[in-house]
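# Structure at a glance
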Amino acid sequence: MPALDQALRAALAHRQPLLNELYAQGTDCYRLFHGSQEGAGGLTIDRYGPQLLVQSFHQSLERDQLLQLAEQCQASLGDELLLVYNDRSRGNSRVDRSDPVYQAAPEALEDLIGHEWGLNYRVRGRHAGQDPLLFLDLRNARGWVKAHSTDKSVLNLFAYTCGVGLSAAAGGAREVVNLDFAEGNLAVGRENGALNPELPAMQFVQSDYFPAIRQLAGLPINARRGQKLPHYPRLAQRQFDLVLLDPPAWAKSAFGTVDLLRDYQSLLKPAILATADDGVLICCNNLAKVALSDWREQVLRCAEKLGRPVRDCQVLAPAADFPSLDGQPPLKTLILQF
Ligand SMILES: C[S@@+](CC[C@H](N)C(=O)[O-])C[C@H]1O[C@@H](n2cnc3c(N)ncnc32)[C@H](O)[C@@H]1O
């Protein structure tokens with residue numbers, strides 16, 4: 001217990017300069033404690049606007065520990081926050097225990113609003129999915145997109161709740177297309193759009209990645225032998241000025257398998273072809289066991305083989321609220337200029 005509160009104290013002190021920057025840029029969603037790198041593996045503490053979200057992945061927290069951690073965070077921030085504890089250590093259950101401390105106050109579970117780069121985002125302590133509605137380690141990528149979208153057509157692949165699309169719209173994109181196969185995630189994307197009424201409307205395409213990107217890229221869609229493909233929306237071949245490719249680590253559908261370890265190429269190749277000749281592709285790989293140098297080489301080789309060599313390749317690291325002891329954060333992001 002003392003070890004945990006010392007670790008949290010150090011983490012909070014370490015974030016002070018970052019927190020000053022974040023407040024100045026209109027951000028109140030960030031990670032306060034990144035346990036795997038800061039002394040308590042399997043524990044994370046995030047602030048999402050008015051909410052303090054504690055998540056445990058390996059073992060449950062005791063009541064006193066939870067209350068003390070929450071108290072320490074609030075005292076350091078000088079803000080009262082609504083505590084939600086999601087214990088994901090037992091089969092990702094998130095089931096409330098009988099002790100009222102595990103049952104968040106009703107206000108904490110209401111639809112709330114958090115802010116990032118001056119934009120409003122829907123925050124929900126618990127919802128149908130496992131993960132929070134905004135992935136905080138992608139903040140710098142959203143900031144980059146916001147700063148580089150003026151007059152661009154933008155394609156946001158594996159859009160989830162459309163944070164990248166929203167950032168592009170805020171950055172002055174002339175067109176934003178968000179693509180994801182989960183209607184529930186796109187619905188939150190629509191809410192995010194509605195929470196920022198001054199922005200131009202975004203488009204939402206509910207489709208599996210593979211048929212959608214292959215149509216955009218002008219590639220054939222092949223059914224496995226003897227199998228009929230499910231319905232998919234028809235899209236015309238075209239390219240975008242700015243494309244964001246941030247897939248999950250692994251997912252299987254009737255159209256193909258997303259597998260960031262064994263086959264990044266089949267995701268990347270059509271995404272490159274759907275990027276304009278002088279456009280930008282931002283691609284991500286969040287699998288910790290993939291080394292940045294190996295993956296970067298694979299990505300550049302794939303572009304070269306397609307006859308689309310990369311003019312400039314920039315690595316974008318997550319901010320200081322996602323420290324990494326070995327300088328190898330799980331989320332790797334490359335900005336490829338063609
Ligand atoms: C890790 S999230 C991506 C994070 C997102 N890029 C962001 O900015 O927060 C994974 C998303 O991929 C979607 N997804 C997974 N497999 C898919 C597929 N085959 N086609 C389309 N979407 C898929 C899921 O619905 C989910 O929204």
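Preceding block: the structure.
Residues numbered from 1 in each chain as written. Predicted model: local features only at pLDDT ≥ 70, side-chain atom pairs only at ≥ 80, totals over all residues. Heavy atoms only, no water.

What follows concerns unusual backbone geometry. The backbone of Asp-151 shows a phi angle near 65°, a positive value even though the residue is not glycine. With respect to the secondary-structure elements, Asp-151 resides in the loop between α4 (139-147) and β7 (153-157). Note on Asp-151: relative accessible area 53%, which makes it exposed. Positioned with a positive phi, Phe-158 is a non-glycine residue whose angle comes to about 55°. Considering the arrangement of structural elements, one finds Phe-158 in the loop between β7 and α5 (163-170). (Helix = DSSP H or I, 4+ residues; strand = E, 2+ residues; numbered from the N terminus. Buried < 20%, exposed > 50% of the residue type's maximum accessible area, 1.4 Å probe, protein only.)

Note: strand β8 (residues 175-180) against strand β9 (residues 203-206), 4 bridges, orientation parallel. If you follow Asp-180 over to β9, its bridge partner there is Gln-206. In this fold, β8 hands off to helix α6 (residues 183-194), which returns the chain to β9; that crossover is right-handed. (Pairing = 2+ DSSP bridges. Right-handed = clockwise from strand over helix to strand, strands pointing away.)

Counted as a void, the second largest pocket has a volume near 240 Å³. The set of elements that each furnish at least two residues to the lining of the second largest pocket consists of α7 (209-217), β12 (256-259) and α8 (265-273). When grouped by side-chain class, the residues that make up the lining of the second largest pocket number 6 nonpolar, 4 polar and 4 charged. (1 Å grid on protein atoms, 1.4 Å probe; cavity = no way out; pocket = protein on both sides within 12 Å on 5 of 7 lines; lining within 4 Å. Points joined across faces, edges and corners; volume = space filled by probe spheres on them. Nonpolar A, V, L, I, M, F, W, Y, C, P; charged D, E, K, R; others polar.)

Glancing now at the site of the ligand. In the vicinity of the ligand there are 15 residues, among which Phe-158, Asp-180, Asn-185, Tyr-209 and Asp-246 approach most closely. Within the side chain of Asp-180, one N or O atom sits 2.6 Å away from an oxygen atom of the ligand. Interatomic distance of 2.8 Å between a side-chain N/O atom of Asn-185 and an oxygen atom of the ligand. Relative to its free-state accessible area of 600 Å², the ligand is covered by the protein chains to the extent of 91%. Residues that form the shell around the ligand fall into these classes: 10 nonpolar, 2 polar and 3 charged. (Near = heavy atom within 4 Å. Polar contact = N/O pair within 3.5 Å; in protein donor to acceptor, adjacent residues only side chain to side chain. Areas by Shrake-Rupley, 256 points an atom, 1.4 Å probe, with all protein chains shown as cover.)

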